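# Descriptive analysis of the structure
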Amino acid sequence: MRRAGLVVWEAHQAAARLVQPGVTTQELDNAIAEVFGQYQAIPLFLAYPGKTPFPAATCISVNEQVVHGIPGPRKLFEGDIVSVDTGCSLAGWCGDAAVTHAVGKIDATANRLLRVTLGALNLAIEQMAVQSRWSQIARQMQQFAEQEGFAVIETLVGHGIGRKMHEAPQVPNYFDPKHMRDDFDVRPGVVLAIEPMINAGSKQVRTLPDHWTIVTADGSLSAHFEHTVARTDSGVRRLTSAPDESELEFVGKSFRDPSRWMHW
């Protein structure tokens, strides 16, 4: 899974280098698909079943779009925020990650939304090392976001991941005592795709007529960050994070310079 995660990381690096005003969402998807092709990795999102199969390797969601945005000719503008979410399977194992980018200079609310959403993800990963039940972590994520005046979406959650992209358990980013029967142990061997989705306004969302793109109901901004994370006997590991020194030979030559990396 770490090797699949490294391919996902490299794909994100390729997209991040392109994010700027004037670039289309299709160009970002093309860059990610090219990396997957170089490793003969299978894009997990392409042809994912729904009312219509998902048509791209990447979900790219801009501003009020929460998740599942379809890449196309839409151009990015200064001040936009754009969520890039993708995953692949390599040698039968999956990796899945997302990051929301600022396009040029963004306003204070958007900047704070990105900081808080990434903070919620980092908080969850840190707490995986010390908490025994996921509900304890989800409660802290929700409190962290709400203390900043933002809303955690409750109709979309993270997921287990392994041989398939979506495996049990469901991984909520909020705490609901009515759902305690769905709580689960956080123990060595558990691998989760943790992905807080946080809105600047209401937590309510709706789906566009394309059957895929989910947007905020009130038109407010939304941000999304995700890592595939493993709880091991020796601690917690981000499987979709940057390579360490021993892994640099695995990634493409143009991605071996840490000074050029996008970190999240």
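Further up the page is the structure itself.
The structure contained in this document is the topic of the report that follows. Here the residue numbering is sequential within each chain, running from 1 through the sequence in written order. Under the rules for a predicted model, residues below a pLDDT of 70 receive no local features and side-chain atom pairs below 80 are neither given nor counted, while totals for whole chains, interfaces and linings still include all residues. The side-chain quantities take in all heavy atoms of the structure and omit both hydrogens and water.

Moving on, we come to the nonpolar core. Counting residues in each nonpolar core, the largest one holds 63 residues, and the members touching the most others are Val7, Val82, Met128, Trp134, Leu192, Ile194 and Trp264. Labels follow the DSSP assignment, with helices taken as runs of H or I lasting at least four residues and strands as runs of E lasting at least two, numbered in each case from the N terminus. Among the secondary structure elements, those contributing two or more residues to this core are helix H1 (2–16), helix H2 (25–38), strand S2 (58–62), strand S4 (81–90), strand S5 (93–102), helix H3 (108–127), helix H4 (134–147) and strand S9 (191–194). Counting residues per element, this core draws most heavily on H1, which supplies nine residues. For Trp134, the residues in contact, after removing those within four places along its chain, are Ala124, Met128, Met141, Val171, Pro172, Asp183, Phe184, Val186, Leu192 and Ile194. Here, nonpolar core means buried Ala, Val, Leu, Ile, Met, Phe, Trp, Tyr and Cys residues that are tied together by side-chain atoms lying within 4.5 Å of each other. Buried, partly exposed and exposed residues are distinguished by accessible area as a fraction of the type maximum, computed with a 1.4 Å probe on protein chains only: under 20%, between the cut-offs, and over 50%, respectively. Judged by nonpolar contacts, the second largest core, of 13 residues, contains Ala56, Met165, Trp212 and Ala230. Two residues form a contact once any of their heavy atoms are found within 4.5 Å.

This paragraph deals with the pattern of salt bridges. Salt bridges, as used here, are contacts in which a Lys or Arg side-chain nitrogen is within 4 Å of a carboxyl oxygen on Asp or Glu. Counting across every chain of the model gives nine salt bridges. Across the salt bridge formed by Arg112 and Glu148, the nearest N and O atoms sit 3.4 Å from each other. Placement of Arg112 in helix H3 and of Glu148 in the loop between H4 and strand S6 (151–152) is noted, with a sequence separation of 36 residues between them. On the accessibility criterion, Arg112 (29% relative accessible area) is partly exposed. By relative accessible area, which is 27% here, Glu148 ends up partly exposed. In this structure, Arg237 engages Glu247 in a salt bridge whose closest nitrogen and oxygen atoms are separated by 3.0 Å. Of this pair, Arg237 sits in strand S15 (residues 235–238) while Glu247 is found in the segment after S15, placing the two residues ten residues apart along the sequence. One network of salt bridges, with partners in common, ties together Arg2, Arg237 and Glu247.

Pairs of strands are assigned from DSSP output, requiring at least two bridges between the strands. Sheet architecture is open: three strands sit in the order S3-S12-S11, paired in antiparallel fashion. Of all strands in the sheet, those bounded by a partner on one side alone are strand S3 (65–67) and strand S11 (205–207). Strand-to-strand twist in this sheet, taken as the mean axis angle between neighbours without regard to direction, amounts to 40 degrees. For helices, the axis comes from a line fit to the C-alpha atoms of the stretch in contact; other axes are also lines fit to C-alpha atoms, and the angle between any two N-to-C directions lies between 0 and 180 degrees.

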